[in-house]
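Observations on the three-dimensional arrangement
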Amino acid sequence: MRRVLAALVLAVLLTGCREVRVNQVRSGTTPVTGSREVVVVRDRKSLEALGVAQPMDFRHEFAVVLLMGPHKDLGWSQITESIRANSDRVRVVAFERGPLDGGEAAQKEYRTFTIWVIPNAVYRAGAQIEVVTPSGETIAATTLR
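Residues numbered from 1 in each chain as written. Predicted model: local features only at pLDDT ≥ 70, side-chain atom pairs only at ≥ 80, totals over all residues. Heavy atoms only, no water.

Quick look at the overall build of the chain now. Within the chain, the regular secondary structure consists of 2 helices and 8 strands. Looking at the chain residue by residue over its 145 residues, the buried ones come to 31%. Of all intrachain contacts in the chain linking residues separated by at least 6 positions in sequence, the fraction that spans at least 24 positions is 68%. For the chain, the accessible area works out to roughly 9,300 Å², and carbon and sulfur atoms hold 53% of it. (Helix = DSSP H or I, 4+ residues; strand = E, 2+ residues; numbered from the N terminus. Buried < 20%, exposed > 50% of the residue type's maximum accessible area, 1.4 Å probe, protein only. Contact = heavy atoms within 4.5 Å. Areas by Shrake-Rupley, 256 points an atom, 1.4 Å probe, with all protein chains shown as cover.)

And the structure:
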């Protein structure tokens, strides 16, 4: 009985110490136009609808995609300055950097994106994801459902 109790206490303590790894997989551009938004993606069809091609195992992970733009000239990119999280909220500080050379006209409008891959074990319905500029201006926000 003592061994079982000790094992349960150890399991609870180790669970509380677990570090969550969020992988910023990549940044890029997508031809799918729209406004600035942060999207939680739980299936391949939703990811493909955003114009983002990324191999994922949705049985074990989900994605958060930050889309910014649209842009009419080439060369825009996203910079993620910091990510801070607690059990109720995730706050991402990010911004876009314009083309250094002024940029050429794009054939078609596009948006920039950054995708993060997160383990399903940390998905908490009701948690808020907020993306802000370094000065604190809200870019986009969503709530996990």
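Evaluated as defined, the whole model comprises 1 aromatic pair. Ring geometry for Phe62 and Tyr123: centres 5.0 Å apart, planes at 85°, overall edge-to-face. Of the two residues, Phe62 is situated in strand 3 (residues 61-73) and Tyr123 in the loop between strand 6 (105-119) and strand 7 (128-132); the sequence distance between them amounts to 61 residues. Tyr123 carries the same exposure label as Phe62, and that label is buried. Here the basic side chain of Arg42 rests over the ring of Tyr123, its NZ or CZ set 4.1 Å away from the ring centre. (Phe/Tyr/Trp six-rings, centres within 6.5 Å; stacked < 30°, edge-to-face > 60°. Lys NZ or Arg CZ within 6 Å of the ring centre and 35° of its normal.)

Further remarks concern the pattern of salt bridges. If you walk through the whole model with that rule in mind, you get 5 salt bridges. In this structure, Arg111 and Glu37 form a salt bridge, with 3.1 Å as the shortest nitrogen-oxygen distance. Of this pair, Arg111 sits in strand 6 while Glu37 sits in strand 2 (residues 37-41), and the two are 74 residues apart along the sequence. Look at Arg111 and you get buried, because its relative accessible area is 1%. One connected set of salt bridges, linked through shared partners, spans Arg89, Arg91 and Glu130. (Salt bridge = Lys/Arg side-chain N within 4 Å of Asp/Glu carboxyl O.)

The strand order 4-5-7-8 describes an open sheet built from 4 strands, whose pairing is mixed. Bordering the open sheet on either side are strand 4 (77-85) and strand 8 (138-143), each of which pairs with just one other strand. Neighbour-to-neighbour, the strand axes of this sheet turn through a mean angle of 20°, independent of strand direction. Both strand 7 and strand 8 contribute to a ladder of 5 bridges, which runs antiparallel. The residue of strand 8 that forms the bridge with Glu130 is Ala141. (Pairing = 2+ DSSP bridges. Axes fitted to C-alpha atoms, helices over the stretch in contact; angles between N-to-C directions.)

All right, on to the nonpolar core then. Core analysis: the biggest nonpolar cluster contains 16 residues, and Val38, Val64, Leu66 and Val131 have the highest contact counts within it. Looking at this core, the elements that each hand over two or more residues are strand 3, strand 5 (89-97), strand 6, strand 7 and strand 8. It is strand 3 that contributes the most residues to this core, 4 residues altogether. Residues within four places of Val38 in sequence aside, it is in contact with Val64, Val65, Leu66, Ile129, Val131, Ala140, Ala141 and Thr142. (Core = buried A, V, L, I, M, F, W, Y, C linked by side-chain atoms within 4.5 Å.)

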